[in-house]
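Topology and contacts: notes
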Amino acid sequence: MVINKIINLKNMLLKIGSRGQQVKDLQEFLGADVDGIFGKGTETEVKEWQISNGLVADGLVGPATWDAMGLATTDDSEKTFETSNGLIVNRHFLPEGEYKNGPTNKEYLFLHHTAGWHNPFNCIDQWGRDSRGAVATEFVLGGPSVKGNNEDHDGVMVQAFPEGGYGWHLGKNGSQHMHTHSVGIEVCNFGWIKNGKTYAGTKVADSQLVELDKPFRGFKTWHKYSDEQIESLDKWVRWIGERDGIDIRAGLPSLVKDKGADAFEFNEDAYYGKVKGIWTHTNTRKDKFDMFPQQELLDMLMSL
């Protein structure tokens with residue numbers, strides 16, 4: 001069966017467990033039973049179609065399969081938007097079920113690390129393939145490769161699910177309310193560096209290293225936040241604050257003015273959600289390393 005409409009699905013990954021209208025559109029295209037549920041039968045249909053069209057038969061419906069099916073729009077205006085302060089946001093949504101639709105009123109903004117590579121699109125795709133469930137943040141900020149050989153995604157901002165949704169991004173903390181009423185930003189960064197290598201054993205280029213004035217959580221050397229990341233993060237934070245009515249001067253920015261780098265350590269008020277505003281994951285968890293107090297980040301937070 002041929003569908004006469006073009007649907008904006010190129011940046012969506014469908015797989016076992018996915019549900020909704022997008023799955024129905026896929027099933028209609030394949031001539032399968034249309035129930036909106038991506039089960040074993042749909043997966044088999046997808047694999048057979050992929051084999052017959054020279055694709056890798058993995059049963060996952062991502063950009064290559066959408067393109068081959070002719071169902072992905074080529075209108076970039078549907079995949080990006082420009083914020084009120086001129087920041088370009090790329091939409092690369094997770095499959096349904098990998099985030100919670102909401103909407104909820106947002107009161108907190110949390111900064112995290114991806115603890116991985118530089119490509120924000122790949123980061124989101126990986127979330128869509130894992131088995132953790134709806135563990136994600138709304139936004140991911142790309143950076144330079146830790147190897148110093150790729151800056152294609154440096155400062156690129158990507159939205160992983162629609163405005164108003166949420167994911168379980170904070171882990172164990174003292175306020176369930178923060179999970180559902182916070183916006184999360186993942187910054188592509190490997191975190192601490194030991195003996196010139198990341199926690200995964202990747203050798204780090206000298207251009208990607210930064211030395212702190214004093215150790216943070218036991219480490220003095222870290223994967224450097226790039227100038228593009230800091231600049232983009234500044235615009236991003238301001239826009240989210242305006243969009244969601246979050247006080248971006250409260251929480252960590254206020255604390256930085258009093259304590260400097262020490263403001264990034266565990267904070268009981270942050271843990272229990274008593275102070276709304278901006279925080280990092282390190283403020284609510286003693287076992288986390290995202291983010292760290294690089295001077296340029298401290299300066300940015302104090303400028304808000």
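The preceding data block contains the structure.
An account of the accompanying structure is given in this report. A quick note: this is a predicted structure, and the numbers were derived from the prediction, not measured. (Residues numbered from 1 in each chain as written. Predicted model: local features only at pLDDT ≥ 70, side-chain atom pairs only at ≥ 80, totals over all residues. Heavy atoms only, no water.)

**What about the overall build of the protein?**
- Scanning the protein from terminus to terminus reveals 10 helices and nine strands.
- Relative to its length of 304 residues, the protein is compact, with a C-alpha radius of gyration of 20 Å against a globular reference of 19 Å.
- For the protein, buried positions account for 55% of its 304 residues.
- Long-range pairs, those at least 24 residues apart, make up 69% of the contacts in the protein with a sequence separation of at least 6.
- About 13700 Å² of surface is accessible on the protein, with carbon and sulfur atoms providing 46% of the total.
- A distance of 6 Å separates the average location of the 33 positive side-chain charges in the protein from that of its 43 negative side-chain charges. (Helix = DSSP H or I, 4+ residues; strand = E, 2+ residues; numbered from the N terminus. Rg over C-alpha atoms; globule rule 2.2 N^0.38 Å. Buried < 20%, exposed > 50% of the residue type's maximum accessible area, 1.4 Å probe, protein only. Contact = heavy atoms within 4.5 Å. Areas by Shrake-Rupley, 256 points an atom, 1.4 Å probe, with all protein chains shown as cover. Lys, Arg positive; Asp, Glu negative; His and termini not counted. Charge placed at Lys NZ, Arg CZ, Asp CG, Glu CD.)

**Here we look at the packing of helix 6 (residues 227-244) against helix 10 (residues 295-302)**
- Following both chains from N to C, one finds helix 6 and helix 10 inclined at 20°, their axes separated by 10 Å at the closest point. Between helix 6 and helix 10, the crossing angle belongs to the class labelled roughly parallel. Here helix 6 runs over helix 10; the crossing is right-handed. Seen from helix 6, the contacting residues are Ile-230, Leu-233 and Asp-234; seen from helix 10, they are Glu-296, Leu-297 and Met-300.
- Its residues placed into classes, the contact of helix 6 with helix 10 shows four nonpolar, no polar and two charged. (Axes fitted to C-alpha atoms, helices over the stretch in contact; angles between N-to-C directions. Parallel < 35°, antiparallel > 145°, perpendicular 65-115°, else oblique. Left-handed = near helix turned anticlockwise from the far one by under 90°. Nonpolar A, V, L, I, M, F, W, Y, C, P; charged D, E, K, R; others polar.)

**Examining the nonpolar core**
- Membership of the largest hydrophobic core comes to 44 residues, with the highest contact counts inside it found for Phe-139, Ile-185, Leu-233, Trp-236, Ile-240, Phe-264 and Leu-297.
- Residue contributions to this core peak at six residues, all from helix 6.
- Apart from the residues lying within four places of it in its own chain, the contact partners of Leu-297 are Tyr-225, Ile-230, Leu-233, Phe-264, Met-291 and Phe-292.
- Counting 12 residues, the second-largest nonpolar core is a separate cluster that includes Leu-14, Phe-29, Phe-38 and Trp-49. (Core = buried A, V, L, I, M, F, W, Y, C linked by side-chain atoms within 4.5 Å.)

**Remarks on unusual backbone geometry**
- Each neighbour pair has its own omega, and for Gly-102 with Pro-103 the value is 0°, a cis peptide bond.
- Counting through the fold element by element, Pro-103 comes out in the loop between strand 2 (88-91) and strand 3 (108-113).
- Cis geometry is adopted by the peptide bond preceding Met-291, which originates at Asp-290 and carries an omega value of 15°.
- Along the chain, the position of Met-291 falls in the loop between helix 9 (281-284) and helix 10.
- Residues other than glycine seldom take positive phi values, yet Asn-195 does so here, at roughly 55°.
- In this structure, Asn-195 sits in the loop between strand 6 (182-187) and strand 7 (209-216).
- Owing to a relative accessible area of 74%, Asn-195 belongs among the exposed residues under this scheme.
- Of note, the phi angle at Arg-217 is positive, near 55°, even though the residue is not glycine.
- Overall, Arg-217 belongs to the buried group, its relative accessible area being 16%.

**Things to note about the pattern of salt bridges**
- A complete count under the given rule lists 11 salt bridges for this structure.
- Here Arg-243 and Glu-138 are joined by a salt bridge, their closest N and O atoms 2.9 Å apart. Taken together, the residues Arg-243 in helix 6 and Glu-138 in the loop between helix 4 (120-129) and strand 4 (139-141) connect sequence positions 105 residues apart. Across the pair, Glu-138 and Arg-243 agree in class, each one buried.
- Across the pair Arg-285 and Asp-287 runs a salt bridge whose closest N-O atoms are separated by 2.9 Å.
- Here the salt bridges do not stand alone but share partners, grouping Glu-138, Arg-243 and Asp-244 into one network. (Salt bridge = Lys/Arg side-chain N within 4 Å of Asp/Glu carboxyl O.)

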